Amino acid sequence: MTKRLLFLDDIRYPIEAYHYTQQDIFLRNDWHIVRNYEQFVNRILEKGLPEMISFDHDLADEHYLKQDSQEFVEKTGYDCAKWLVEYCMDYYLELPEFYCHSMNPVGKENIESLLKNFKNL
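Residues numbered from 1 in each chain as written. Predicted model: local features only at pLDDT ≥ 70, side-chain atom pairs only at ≥ 80, totals over all residues. Heavy atoms only, no water.

*Asks:* Go over the overall build of the protein chain, please, and point to the residues and values.
*Replies:* Looking only at helices and strands, one finds five helices and four strands in the protein chain. Along the protein chain, from the amino end to the carboxyl end, the secondary structure elements read β-α-β-α-β-α-α-β-α. Sequence-distant contacts, at least 24 apart, represent 67% of the contacts inside the protein chain between residues at least 6 apart. Summing over all exposed atoms, the protein chain offers an accessible surface of approximately 7,100 Å²; the carbon and sulfur share of this is 49%. (Helix = DSSP H or I, 4+ residues; strand = E, 2+ residues; numbered from the N terminus. Contact = heavy atoms within 4.5 Å. Areas by Shrake-Rupley, 256 points an atom, 1.4 Å probe, with all protein chains shown as cover.)

This is the structure in C-alpha cells:
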C-alpha cells in the first residue's frame, strides 16, 4: 500500500516532530519523507495527493542562516505549499489535510495562512 502521509523536512523524522508537537499522527509509521521542493513535487505528481502533509519551512542551511531573506536559492516549505495550492486549483482537487511542524514561527504562520485561506475559498 502506498504511504498516504507526506512529511516534508530536510533533516527531521516524524518521531522527532512528535517530541515537540505531541501530535499522535507523528507516531504512525506510514509517513513518506521528502527532503526538498523537488522531491515534494515529484512525489505528488507520481503518487497523487496524500491524505495529509506535514510541512517544515526551512529546507536548506541557507534558510537557517538568513531567516527572513527573500533571496533564497533553495525553495522553502512555503514554496511547496504555494505549488500545492496551484496544483489543487489546476486539477480541481481538494486540499489534503495539513499540519505545519516547522520551528520557524514566521515560516509556519505563512504556510498555515496560505493553506487555510485556500481551504476557505
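Additional details are given in the paragraphs that follow.
*Asks:* Describe the packing of helix α2 (residues 37-47) against helix α4 (residues 77-90), naming the residues involved and giving the relevant values.
*Replies:* Across the interface, α2 lies against α4 with an axial gap of 10 Å and an inter-helix angle of 25 degrees. Put simply, α2 runs roughly parallel to α4. In this structure, α2 crosses over α4, and the sense of that crossing is right-handed. Between α2 and α4, the contacting residues are Y37, F40, V41, I44 and L45 on the first element and D79, C80, W83, L84 and Y87 on the second. Of the residues contributing to the contact of α2 with α4, the split by class is nine nonpolar, no polar and one charged. (Axes fitted to C-alpha atoms, helices over the stretch in contact; angles between N-to-C directions. Parallel < 35°, antiparallel > 145°, perpendicular 65-115°, else oblique. Left-handed = near helix turned anticlockwise from the far one by under 90°. Nonpolar A, V, L, I, M, F, W, Y, C, P; charged D, E, K, R; others polar.)

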